[in-house]
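# Examination of the molecular architecture
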Amino acid sequence: MKTYQMFLNGQFSKRGVLRDIVQPYNNKPFAKVYFGEEDIISEAIDGAEKAFQKMKSTPAHVISDILRKVSEKLKERSEEFANILALEAGKPIKTARGEVGRAVHTLMLGAEECLRITGEVIPMDQKPYGEDRFGMVKRFPLGVVGAITPFNFPLNLVAHKLAPALAAKNTVVLKPASQTPISSLMLAELFMEAGLSAGALQVIPAKGSAGEVLARDPKVKMLTFTGSPVVGWHLKKLAFRKKVALELGGNAGVIVHEDTDIDPAVEAIANAAFLYSGQSCISVQRVFIHQSIYRKVVDGLAKKAESYKLGDPIEENTDIGSMISEDEAKRVESWVEEAVNEGAKVLTGGKREGSIYYPTIIGNTKAEMKVNCLEVFAPVITVTPYLDFETAVKAVDNSKYGLQAGVFTKDINRIRYAFENIEVGGIIIGDVPTYRIDHMPYGGVKESGNAREGVRYAIEEMTEPRLMVMKFSK
Ligand code: NAD
């Protein structure tokens, strides 16, 4: 069984304790990883603070070359990384390859955006007391950035922290998800080979609560967290003196209006709801369908839900693997049972085998049921008919979350109405809320978060504007 070491102060290190990493599909250990505790994370923070002295004066072209090399090396080793994602995250190999491709892009964006961090010239002479002065703003790195990432995209979401943080000349202490630390350790190896200076990146696998050091330690100037709302908002309280960027969950809604082309909408919604067992922060959860096409859309979704091949994520023809753990699958099972007890009807699925939960469609639900009002994070959707578009918009907006929403309609006035009345970070027209390309501004409002990623946007969050005013003699 292969053993992976933590990446501390520029070296792979056998510190901490060895822990088994299991395949979520069958709960079998397949690798061992050295896990740290709070003390080792603190050591990593000290190392990153020291490394910042060098990093902050490293020329942009040097950092850009490193990020480009890492992106290229990752592309060369795509298959190896995809295999690890399939094993550690239970992600079907086809989907895992997609994630690696996206991480290649994200890192390349870092290499490019690194060269384009610009500032601003302030027109000072708006008032007499601004005459003979020149004002400019330049963006400066913050220092040590603490990064905490979730299990569901263990590579690309790590890239979304490292690429902008390093491009902006910060140093980073990363605590990857405890279930999925291997891909980020392999990525650290690529950074080392590409010549990143020692200590500029630290990757310390650790259990969740050990990550609180990153929120508490004043040497960490910013915490960037992707994960569940409950953990994210808790960390924000602990980190009240520093910048905190939260990328959290949601219960994404989609509207299917009567003027849309049904077949492509059904195909897109089913894939966005069920593939990777719905374990994406923007996977489709609540589907609102115009009454006149309700039957046709629901029948299409059920047919598609029943067509997927469930099984071992490492097998080439598997569409849907397991959930991240049997406990998670049991949680979903109990939510569906609870909904049924309160009057909902399972239209297909509603079955669990170990850590696999079957693609499930539920009708007759109420907005207050957990399957609607909380983040289900599983291959489960609710379907609800509506009569007028405004009601559907209100229903999608009726959520404590606000990450992305999708609207299938061709009517420009309805598009505008939805854009203006659904409070989310992004609205996707003619497609599912699950659409993301890695350079677009991405993030949520309400309980879904408070920041934007998408390399250029994250660089804004990870830098501080510094003003210089110069006075000239007359
Ligand atoms: P999680 O909140 O359980 O864990 C996320 C990370 O936080 C992990 O590294 C975990 O070890 C760590 N953690 C847990 N408790 C902690 C604590 N007390 N202090 C410090 N760190 C702690 O989330 P998860 O189950 O790994 O991921 C799923 C969640 O992530 C879902 O809610 C999903 O919507 C969200 N997510 C959001 C985005 C986004 O970009 N908005 C992307 C992917 C996932």
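Since this is a predicted model, take the numbers as computed values, not measurements.

Quick notes on the rules
- Residues numbered from 1 in each chain as written.
- Predicted model: local features only at pLDDT ≥ 70, side-chain atom pairs only at ≥ 80, totals over all residues.
- Heavy atoms only, no water.
- Helix = DSSP H or I, 4+ residues; strand = E, 2+ residues; numbered from the N terminus.
- Buried < 20%, exposed > 50% of the residue type's maximum accessible area, 1.4 Å probe, protein only.
- Contact = heavy atoms within 4.5 Å.
- Areas by Shrake-Rupley, 256 points an atom, 1.4 Å probe, with all protein chains shown as cover.
- Lys, Arg positive; Asp, Glu negative; His and termini not counted.
- Charge placed at Lys NZ, Arg CZ, Asp CG, Glu CD.
- Domains from an automatic or database assignment.
- Buried area = accessible area lost by both parts, 1.4 Å probe.
- Salt bridge = Lys/Arg side-chain N within 4 Å of Asp/Glu carboxyl O.
- Polar contact = N/O pair within 3.5 Å; in protein donor to acceptor, adjacent residues only side chain to side chain.
- Expected span 1.5 Å × (residues − 1).
- Pairing = 2+ DSSP bridges.
- Axes fitted to C-alpha atoms, helices over the stretch in contact; angles between N-to-C directions.
- Patch = residues over 30% accessible without salt bridge, like charges linked within 9 Å, V, L, I, M, F, W, Y side chains within 5 Å.
- Near = heavy atom within 4 Å.
- Phe/Tyr/Trp six-rings, centres within 6.5 Å; stacked < 30°, edge-to-face > 60°.
- Lys NZ or Arg CZ within 6 Å of the ring centre and 35° of its normal.

### What about the overall build of the protein?
Along its length, the protein carries 15 helices and 24 strands. Dimensions of the protein, computed from C-alpha atoms along their principal axes, come out at roughly 75 × 65 × 40 Å. Sorting the 474 residues of the protein into buried and exposed places 55% on the buried side. The contacts of the protein with a sequence gap of at least 6 include a subset with a gap of at least 24, amounting to 74%. Working note: accessible area of the protein is about 19,800 Å², and carbon and sulfur atoms make up 52% of it. Here the protein carries 60 positive and 59 negative side-chain charges, and the mean point of each set is 5 Å from the other.

### A look at the domain arrangement of the protein
You can read the domains of the protein as domain 1 (2-248 + 449-469) and domain 2 (253-437). For domain 1 and domain 2, the distance between their C-alpha centres works out to 31 Å. Contact residues are listed per partner, giving 27 residues for domain 1 and 27 residues for domain 2. Interface of domain 1 and domain 2: buried area, both sides summed, is about 2,100 Å²; carbon and sulfur atoms make up 58% of it. When the buried surface of domain 1 facing domain 2 is broken down by residue, Tyr-25, Pro-92 and Phe-151 rank first, second and third, together holding 27% of it. Counting the contacts that link domain 1 with domain 2 gives two salt bridges. Across the pair Lys-94 and Asp-319 runs a salt bridge whose closest N-O atoms are separated by 2.8 Å. Summed over the shared surface of domain 1 and domain 2, the number is nine residue pairs in polar contact (both at pLDDT 80 or more). Elements supplying a minimum of two residues to the side of domain 1 that touches domain 2: helix H3 (78-89), helix H4 (93-113) and helix H5 (156-167). For the side of domain 1 that touches domain 2, the leading source of residues is H4, giving six residues.

### Examining H3
Taking 1.5 Å of rise per residue, 12 residues should cover 16 Å, and H3 covers 16 Å from first to last C-alpha, within 8% of that figure. Looking only at H3, the buried set comprises Phe-81, Ala-82, Ile-84, Leu-85, Ala-86, Glu-88 and Ala-89. On its buried face, H3 sits against strand E1 (2-4), strand E4 (17-22), strand E5 (29-35), helix H2 (60-76), H4 and helix H6 (182-194). In the segment just after H3, Gly-90 is the residue with positive phi, at about 70°.

### Remarks on the environment of Ile-324
Relative to the helices and strands, Ile-324 resides in the loop between helix H10 (294-307) and helix H11 (326-341). A residue is classified by how much of its surface remains accessible, and Ile-324, at 9% relative accessible area, is buried. C-alpha of Ile-324 to C-alpha of Gly-278: the two residues are 46 residues apart in sequence and 11 Å apart in space. Each residue touching Ile-324, except ones within four places of it in the same chain, is listed here: Pro-24, Glu-88, Ala-89, Phe-151, Gln-179 and Gln-279.

### Comments concerning the sheet that holds strand E24 (residues 463-471)
As summarised here, the arrangement of the three strands in space is E6-E7-E24, forming an open sheet in which the pairing is antiparallel. Two strands close off the open sheet at either side, each with one partner strand: strand E6 (120-122) and E24. Each strand of the sheet is rotated relative to its neighbour by a mean of 25°, with strand direction disregarded. Sheet topology note: the strand E7 (residues 133-141)/E24 ladder contains nine bridges and is antiparallel. Note on E24: the bridge partner recorded for Phe-134 is Met-470.

### Let's talk about a nonpolar patch on the surface
A contiguous nonpolar patch, built from Val-121, Phe-134 and Phe-472 and spanning about 270 Å² of accessible area, is present on the exposed surface. Residue position: Val-121 is located in strand E6. The exposed category is assigned to Val-121, whose relative accessible area is 55%.

### So, the site of the ligand
Taken together, the neighbourhood of the ligand is formed by 28 residues, with Thr-149, Lys-175, Ser-228, Leu-248 and Glu-375 sitting nearest. Between an oxygen atom of the ligand and a side-chain N or O atom of Ser-228, the distance comes to 2.5 Å. At 2.7 Å from a nitrogen atom of the ligand is found a main-chain nitrogen or oxygen belonging to Leu-248. Here the ligand, which alone exposes 850 Å², has 88% of that area covered by the protein.

### Observations concerning the packing of aromatic side chains
A complete count under the given rule lists four aromatic pairs for this structure. With a centroid separation of 6.2 Å and 70° between ring planes, the pair formed by Phe-274 and Tyr-308 is classed as edge-to-face. With Phe-274 in helix H9 (residues 262-274) and Tyr-308 in the loop between H10 and H11, this residue pair connects regions lying 34 residues apart in the sequence. Taken as a pair, Phe-274 and Tyr-308 share a single burial class, namely buried. Looking at Arg-19, its charged tip hangs above the ring of Phe-35, at a distance of 4.7 Å from the centre. One cation-aromatic arrangement involves Lys-91 over Phe-153; the distance from NZ or CZ to the ring centre is 3.7 Å.

### Here we look at the pattern of salt bridges
Following the criterion strictly, the structure yields 28 salt bridges and no others. Arg-216 is paired through a salt bridge with Glu-212; the nearest N and O atoms lie 3.3 Å apart. With Arg-216 and Glu-212 both in helix H7 (residues 212-216) and four residues apart, the pair spans about one turn of that helix. One salt bridge connects Arg-295 with Asp-299, and the closest N-O pair in it is separated by 3.6 Å. Of this pair, Arg-295 and Asp-299 both sit in helix H10, separated by four residues, roughly a single helical turn. One network of salt bridges, in which partners are shared, links Glu-326, Lys-330, Glu-333 and Arg-352.

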